[in-house]
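Coordinates in review
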Amino acid sequence: MVAAERPILDADGVRRALTRIAHEILERHQGAEGLLLAGLRRRGVPLAERLAALIQQFEGVAVPVGELDVTMFRDDLQTRGTRSSLQRSSMPQDVTEARVVLVDDVLYTGRTVRAALEAILSYGRPQQIQLAVLVDRGHRELPIRADYVGKNLPTAQGEQVAVRVQEIDGRDEVVLVHQEPASVQAPGVQAPGVQTQEAHSRGTHSRVAGQPGEP
Amino acid sequence: MRRKDVLDLDDFSAEELHEVMETAEAMREVLSRPIKRVPPLRGKTIVNCFYEASTRTRVSFELAGKNLSADVVNVGASGSSVEKGESLVDTTRTLQALGADMVVMRHPHAGAPYLVARELSAAVINAGDGWHAHPTQALLDLFTVRDRLGSLEGRKVVIIGDVLHSRVARSNIWAFTTMGAQVVLCGPPTLIPAGIETAVAEGRRRRWGDGIQSGVQKEHAAVKVQYDLDKACQDADVLMALRIQKERQAGALFPSLREYSRLYGLTQERVARAKFGALVMHPGPMNEGIEIMPEVAYGAQSVIEEQVTNGVAVRMALLYLLAGGHGGRAV
């Protein structure tokens, strides 16, 4: 059984998608006043930083960027056990009255975003919370949608979307990982050749967003 | 973390200590939020079993459990069935039958939490047993030093006073040496256990073998004894005064408190001998004017209050990591 990767976005594609999202955020908010970008660990954080850099470039306004580790707010801690890879969150300023844009790499079941909503509310009561994702792959299990989407990507549940970013993985790309020959595969079980959760939680490999409930 | 209980730190590897420290940093950030409560231990029950007096440890465990959304129940020796003669194991079995997922235990006798841990499937955390061990105090000491000084590698940590009766000192020896610090024990010869240098070295060797454990240099990771506090303070990065335990001084192990204070009290002159910016620590409660002078305890180099504050974050980290240690598969 071989894991085959189909390219979805290359480095230029990622750059264009982020550029468009940055413009859309500015357009929707009529500027960058009161904005706060909150990146979801891990790969949402560099994406949020890049959006902030683009907004700075377009508008000359420095938008604060926060980092959220939503692990403690996940709804699957009871069944999967608490994890060791708990990272420090940080918010650069009070979120009350801010217009917060959550930034993540892949939107899938929506459970991570639900946890992120609860996490951000522990910092205060923002005026508004929006969601920006690089890839929306469908299969939602909760009533959640993204406000800004880099790429809508219809997928099968057995497939996995890997988002790689320069800051963590050494290159920018989005690929669809699927198994050949097509095999019956339970979600969460990975074929050889696909990086495991353990591996990328140590920061050495790219994220494979395939398992339901993965952060 | 893949262990059921935390009884002492002698079996903690440097990696495990790092894991606790990093998690504690995340927890400290949670404590800085307007809403300090996070939900990971929702539905879990923690029983604090304190058979010995305690303020900071008990309150800090209670807050830690509540901040993680666990249900916390406090049990003391008085007012419980212990007064009717129920044995320790029976009491804790009862607590487990009532639904306790974790038991935090403080006990006057060394080894009591070990006995309980063996009998229960619930996680057991030692919150101090006799003279033996106090792992969560050592973890918060480690966290405080790491937070202020960064790496522990090659640091000189001086533990001053009544090492003989101190469970804090014993657990700290393991914590700091495993992280590569050199621990110097300083006190009157009657209050330093005989042969402790070789006992620690032997304990480490038996646990980790002769090789270098987790990148820690063997020559650093050792314990030395020094009876002269002025000499011990030289080049120190950390000065940790221990409480003179008046309640345990029946055997007249030193002539008088006045003499003790003159020879082993932490004064400003002695702090000045240490490295610039060295940290002053004390596990509390303090006997001000005996083992530590008030101007030192409340001086610029003192991190004694930080130790207490960090205690909540460190205990949250431990409860969080233990909750996932045996139930679910940590992915």
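The rules behind the values
- Residues numbered from 1 in each chain as written.
- Chains lettered and ligands numbered in written order.
- Predicted model: local features only at pLDDT ≥ 70, side-chain atom pairs only at ≥ 80, totals over all residues.
- Heavy atoms only, no water.
- Helix = DSSP H or I, 4+ residues; strand = E, 2+ residues; numbered from the N terminus.
- Buried < 20%, exposed > 50% of the residue type's maximum accessible area, 1.4 Å probe, protein only.
- Contact = heavy atoms within 4.5 Å.
- Expected span 1.5 Å × (residues − 1).
- Pairing = 2+ DSSP bridges.
- Axes fitted to C-alpha atoms, helices over the stretch in contact; angles between N-to-C directions.
- Arc of directions from axis to C-beta.
- Core = buried A, V, L, I, M, F, W, Y, C linked by side-chain atoms within 4.5 Å.
- Phe/Tyr/Trp six-rings, centres within 6.5 Å; stacked < 30°, edge-to-face > 60°.
- Lys NZ or Arg CZ within 6 Å of the ring centre and 35° of its normal.
- Salt bridge = Lys/Arg side-chain N within 4 Å of Asp/Glu carboxyl O.

A look at the overall build of chain A
What chain A contains, in helices and strands, is 6 helices and 9 strands. Within chain A, buried positions represent 56% of all 215 residues. Long-range pairs, those at least 24 residues apart, make up 71% of the contacts in chain A between residues at least 6 apart in sequence.

Description of helix H1 (residues 14-31) of chain B
Taking 1.5 Å per residue, 18 residues should reach 26 Å; H1 of chain B reaches 25 Å between its end C-alpha atoms and fits that length. For H1 of chain B, a buried count of 13 out of 18 residues is recorded, marking the element as mostly surrounded by other parts of the structure.

Description of the environment of Leu 115 of chain B
Residue and element names in this part refer to chain B. In this structure, Leu 115 sits in helix H4 (residues 112-119). Sequence-wise, Leu 115 and Val 89 are 26 residues apart; in three dimensions their C-alpha atoms are separated by 7.6 Å. Beyond its immediate stretch of four places on either side in the chain, Leu 115 contacts Leu 88 and Val 89.

Some thoughts on the sheet that holds strand E8 (residues 238-241) of chain B
Residues and elements named next belong to chain B. With parallel pairing, the 5 strands of this open sheet are ordered in space as E7-E6-E5-E8-E9. Of all the strands in the sheet, just strand E7 (223-225) and strand E9 (279-281) have a single pairing partner and so form its edges. Averaged over all pairs of adjacent strands, the angle between strand axes in this sheet comes to 20°, irrespective of strand direction. Pairing between strand E5 (residues 156-160) and strand E6 (residues 182-186): 5 bridges, direction parallel. When the sheet's bridge partners are listed, Val 157 is paired in E6 with Val 183. Running over the sheet, helix H5 (residues 135-149) touches E8 and E9 and is turned about 165° from E9. Those strands touched by helix H7 (residues 196-208) are E6 and E7, and its axis lies near 175° from that of E7.

Quick word on H4 of chain B
Residue and element names in this part refer to chain B. Along H4, the residues classified as buried are Ala 112, Pro 113, Val 116 and Ala 117. One side of H4 carries all its buried residues, which in axial view fall inside an arc of 130°. Buried positions along H4 lie against helix H3 (88-97), strand E3 (102-107) and strand E4 (123-129).

Regarding the nonpolar core
Leu 68, Met 72 and Leu 102 of chain A together with Met 27, Leu 68, Phe 176 and Leu 185 of chain B are the most contacted members of the largest nonpolar core, which totals 93 residues. A per-element tally of this core places helix H12 (residues 304-323) of chain B first, with 11 residues. Residues Ile 21, Leu 47, Val 103 and Leu 134 of chain A belong to the second largest nonpolar core, which totals 33 residues.

Let's talk about the packing of aromatic side chains
Overall, the coordinates contain 2 aromatic pairs over all chains when judged by the stated rule. Each ring, one from Phe 254 of chain B and one from Tyr 260 of chain B, has its centre 5.1 Å from the other, and the planes form 35°; the classification is tilted. Side by side, Phe 254 of chain B and Tyr 260 of chain B carry an identical accessibility label, which is buried. Between Tyr 260 of chain B and Tyr 264 of chain B, the ring centres sit 5.7 Å apart and the planes meet at 40°, which makes this aromatic pair tilted. Of this pair, Tyr 260 of chain B and Tyr 264 of chain B both sit in helix H9 (residues 257-264), separated by 4 residues, roughly a single helical turn. Grouping residues by exposure puts Tyr 260 of chain B and Tyr 264 of chain B together as buried. Three or more aromatic residues joined by ring pairs make a cluster, and in this case those are Phe 254, Tyr 260 and Tyr 264 of chain B. The residue whose ring lies beneath Arg 137 of chain A is Tyr 108 of chain A, and the NZ or CZ to ring-centre distance is 3.9 Å. Its guanidinium or amino end placed over the ring of Phe 12 of chain B, Arg 3 of chain B lies 3.9 Å from that ring's centre, counting from NZ or CZ.

Remarks on the pattern of salt bridges
Per the stated rule, a full pass over the model turns up 35 salt bridges over all chains. The salt bridge involving Arg 205 of chain B is made with Glu 202 of chain B; its shortest N-O contact spans 3.3 Å. Of this pair, Arg 205 of chain B and Glu 202 of chain B are both found in helix H7, 3 residues apart, which corresponds to roughly one turn of the helix. Judged by relative accessible area, Arg 205 of chain B falls into the partly exposed class, the value being 39%. Because the salt bridges share partners, they merge into one network encompassing Glu 5, Arg 164, Arg 171 and Glu 173 of chain A.

Focus on the pairing of strand E3 (residues 65-68) of chain A
All names here are of chain A. Burial along E3 is one-sided: Gly 66 and Leu 68 are buried, and none of Val 65 and Glu 67, which face the opposite way, are. Bridging between strand E2 (residues 35-40) and E3 involves 4 bridges; their strand directions are parallel. Bridge assignment links Leu 37 to a residue of E3, and that residue is Val 65.

A word on the environment of Arg 125 of chain A
With respect to the helices and strands, Arg 125 of chain A occurs in the loop between helix H4 (111-121) and strand E5 (128-136). Along the primary structure Arg 125 of chain A and Val 95 of chain A are separated by 30 residues, whereas in three dimensions their C-alpha atoms are 6.6 Å apart.

Observations regarding the sheet that holds strand E1 (residues 45-50) of chain B
Hydrogen bonds between backbone groups are what pair the strands of a sheet, and the pairing can be parallel or antiparallel. All names here are of chain B. Pairing is parallel across the open sheet formed by 4 strands, whose spatial order is E2-E1-E3-E4. Only two strands of the sheet have a single partner each, and these edge strands are strand E2 (71-76) and E4. Strand-to-strand twist of the sheet, defined as the mean angle between neighbouring strand axes without regard to direction, takes the value 15°. Across 6 bridges, the pairing between E1 and E2 is parallel. Paired with Phe 50 across the bridge in E2 is Gly 76. Strands in contact with H3 are E1, E2 and E3; relative to E3, the strand with the most contacts, it is inclined by about 155°.

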